[in-house]
Amino acid sequence: MKRPDKHRYSVFISSVQKELAEERRGIKDFLTNDPLLRRFILKVFVFEDIPAGDRKPDDIYLGEVRQCDIYIAILGNEYGPKNEAGKSATELKFDEATKTYRERLVFVKGDDDSKRSPEMAALVRKAGKQVTRRRFSDTPGLIREVYSSLVESLEQRSAIGLTPFDGSICEGATLRDIDNKAVADFIETSEAAGRLKLKGSRAPKAVLQNFNLLRDGRPTNAAMLLFGKEPRRYFNNVQVHCFHFHGTVKQKPIASQQPYEGRLIEVIDEAVEFVLGKIDRRVGTRAESVQAPVTFEIPRPVILEAIVNAVAHRDYRNNGFVQVFVFSDRMEVWNPGELPPGLTPELLREPHGPLPRNPLIAEPLYRIKYVEKAGTGTTDMIADCRKAGLPGPDFEQRGPYFVVTVWRDWLTDEVLARFQLNERQLLTVSYVKKMGRISNSEYQKLTGASRPTASRDLDELSKRGILKKIGTTGKGTHYLLSKKRITKDFKES
């Protein structure tokens, strides 16, 4: 179907057919009659639109999901009939929307999850790890939530005439509020990084114009965040709050905490240094280099990538702060907002194209080698963690925050000594730290053990919480490093 213009979109509304029919009809009627939204909605598909014919309804559903621009899921208490694989049509459609990178908006009826069927409760949790779920109690409440979500979506798609945050004029700011030295330092750093060859004027105004950071001669929000004398004067949410806890949960007393505010590049550097000051490090010998090298428990590029992504790609229209937590077993970076439409936590683990939420902020950070344009940042994090013998990072949506978790190496030599492992098991732990996983057959090749011995050793490592078993039987069964610190054999320090 050919669209009359690029800013008209198709919407698919999904729910258990019998339980939420009223809500489904209510949304469709609203979308097709609202004076604002009907200008942008080309088509709304619901269950009742299935034409008579020989095709199976599931085939029609999935085909429509693949064709839609925006997928709306309404989740209640019932799960619905299951197919041979044990999945309902509702979950199949959600999975298809995820797999095909549709923008997904999820609305959950009621606050009492104990009333839901176990399968629906699991689907609600599953959705909540990927997108922000919004709750509602009745049809008018659902319509309000849908309206708010769709307006926000249309703004992000630049369908509604709203200038993106980073390109909007910073109200009240003038060129006198730009720190000229910060601009000069940026040019010097970018040239040293080999990502800038400035041929024209080096005057601050000319540099800002070159990076599209001025509108009508006035600084944009991006200009003030990157080079302003006092960004905090114009934005109350630019802080990065860093916390250090001795244990594995958020509880008092807090070992240390520090809010950082100011220009984004400075805030990023300060937050990275905060984390580096709380994790373990190893100092090598001068035999390795002129200066004794320092190796951090979590590679610095991984920490930098996690924090830069949160600062550069966050939703600055959201009043929340970026938060960085350092625990005894992990680091977490909390970013207010969601991933851009079409990007999922699963996709971050694969090569993907760049989708910067704030391109005018991301471009200068690229010039100083803080970000890349190839969309390889998260896959680089995974590779760097594996090289350091760490489990891969986790990416998930937790309510209104997108959270990146980077795991520390809790399996130190001291800890492993307390487990009193045999030589085969110690060799295996070292192997999995480097390779990321091991199977029974790989264990046999690595250690020379028989299959029964390999099974016994691996089961013991799994039961003691050192490795995590994936699968039960067959070729796909393998073992990963456990991400949870276990206190069965010893107590945490």
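Placed above this text is the structure.
Note that residues are indexed from 1 along each chain, following the sequence as it is written. Per-residue local features of the predicted model are confined to residues with pLDDT of at least 70, and side-chain atom pairs are confined, for both listing and counting, to 80 or more; whole-chain, interface and lining totals are unaffected and use all residues. Hydrogens and waters are ignored; side-chain quantities use all the structure's heavy atoms.

1. Focus: the pattern of salt bridges
Oppositely charged side chains can form a pair if their charged atoms are brought close together.
(1) Moving on: Take a side-chain nitrogen of Lys or Arg and a carboxyl oxygen of Asp or Glu: if they are within 4 Å of each other, that pair is a salt bridge. Under the counting rule described, the total for this entry stands at 28 salt bridges.
(2) Moving on: Note that Asp179 and Arg263 form a salt bridge whose closest N and O atoms lie 3.3 Å from each other. Of this pair, Asp179 sits in the loop between α5 (139-156) and α6 (180-192) while Arg263 sits in the loop between β9 (256-260) and α9 (264-276), placing them 84 residues apart in sequence. When sorted by exposure, Asp179 lands in the same class as Arg263, which is buried.
(3) Moving on: Glu332 is paired through a salt bridge with Arg330; the nearest N and O atoms lie 2.8 Å apart.
(4) Moving on: Residue exposure (1.4 Å probe, protein chains only): buried if accessible area is under 20% of the type maximum, exposed if over 50%, otherwise partly exposed. When its relative accessible area of 4% is taken as the criterion, Glu332 is described as buried.
(5) Moving on: Residue Arg330 is classed as buried on the basis of its relative accessible area, which comes to 11%.
(6) Moving on: Each of Asp329, Arg330, Glu332, Glu396 and Arg398 takes part in one network of salt bridges that share partners. To qualify as a helix, a DSSP run of H or I must reach at least 4 residues; to qualify as a strand, a run of E must reach at least 2; elements of each kind are numbered from the N terminus.

2. Here we look at the layout of surface pockets
(1) Moving on: Space inside and on the surface of the protein is sampled on a 1 Å grid over the protein atoms alone, with a cavity defined as a set of points where a 1.4 Å probe fits but cannot get out and a pocket as an open set with protein on both sides within 12 Å along at least 5 of 7 lines; lining residues have an atom within 4 Å of a point. Grid points are joined across faces, edges and corners, and a volume is the space filled by probe spheres set on the points. Approximately 920 Å³ is the volume attributed to the largest pocket.
(2) Moving on: Forming the walls of the largest pocket are 31 residues, and the residues nearest its centre are Arg349, Gly392, Asp394, Trp407 and Lys483.
(3) Moving on: The dominant element in the lining of the largest pocket, judged by the number of residues it contributes, is strand β14 (residues 394-398), at four residues.
(4) Moving on: The space that makes up the second largest pocket amounts to roughly 590 Å³.
(5) Moving on: In this structure, the second largest pocket is lined by 36 residues; those nearest its centre are Asn309, His313, Leu343, Leu355 and Pro356.
(6) Moving on: Sorting the residues of the lining of the second largest pocket by element identifies α10 (300-313), β13 (330-336), α11 (359-367), α12 (377-387) and β15 (401-407) as the ones contributing at least two each.
(7) Moving on: Looking at the lining of the second largest pocket, the element that brings in the most residues is α10, giving five residues.

3. Overview of the environment of Gly110
(1) Moving on: Tracing the sequence through the fold places Gly110 in the loop between β4 (103-109) and α4 (118-128).
(2) Moving on: Once the C-alpha coordinates of Gly110 and Phe235 are considered, the two residues, 125 residues apart in sequence, prove to be 35 Å apart.
(3) Moving on: In what follows, residue pairs with any heavy atoms lying within 4.5 Å of each other are defined as contacts. Every residue in contact with Gly110, bar those within four places of it in the chain, is listed here: Arg116, Arg135 and Phe136.

4. Brief notes about the environment of Lys99
(1) Moving on: The residue Lys99 is located in helix α3 (residues 89-99) in this model.
(2) Moving on: Separated by 52 residues in sequence, Lys99 and Phe47 have C-alpha atoms that sit 21 Å apart.

5. Description of the packing of aromatic side chains
(1) Moving on: For Phe, Tyr and Trp, where Trp contributes only its six-membered ring, two rings pair if their centres lie within 6.5 Å, and the inter-plane angle classes them as stacked under 30 degrees, edge-to-face over 60, or tilted in between. Evaluated as defined, the whole model comprises 16 aromatic pairs.
(2) Moving on: Among the aromatic side chains, those forming a connected cluster through ring pairs are Phe243, Phe245, Phe325, Phe327, Trp334 and Tyr401.
(3) Moving on: We call a charge positioned above a ring when the Lys NZ or Arg CZ atom is no farther than 6 Å from the ring centre and deviates by at most 35 degrees from the ring normal. For the cation-ring pair, Lys93 lies above Tyr61, with the distance from its terminal atom to the ring centre recorded as 4.3 Å.
(4) Moving on: Of note, Arg330 hangs over the ring of Phe327, and the distance from its end group to the ring centre comes to 3.9 Å.

6. Section: the pairing of strand β12 (residues 322-326)
(1) Moving on: Burial within β12 is extensive, with four of its five residues counted as buried.
(2) Moving on: Here five bridges tie strand β8 (residues 240-244) to β12, and the two strands are oriented parallel to one another. Looking at the pairing, His241 lines up with Gln323 of β12.
(3) Moving on: Adjacent in sequence and paired antiparallel, β12 and β13 are bridged by three residues. Any two strands are treated as partners once DSSP identifies two or more bridges connecting them.

7. Points about the packing of helix α15 (residues 440-447) against helix α16 (residues 451-463)
(1) Moving on: Orientation is described by axes fitted as lines to C-alpha atoms, over the contacting stretch for helices, and by angles from 0 to 180 degrees between their N-to-C directions. Across the interface, α15 lies against α16 with an axial gap of 9 Å and an inter-helix angle of 110°. When the axis of α15 is compared with that of α16, the two are roughly perpendicular. Residues Asn440, Tyr443 and Gln444 of α15 touch α16, and the partners they reach there are Arg451, Ala454, Ser455, Asp457 and Leu458. If an angle is under 35 degrees, it is roughly parallel; if it is over 145, roughly antiparallel; if it lies from 65 to 115, roughly perpendicular; otherwise it is oblique.

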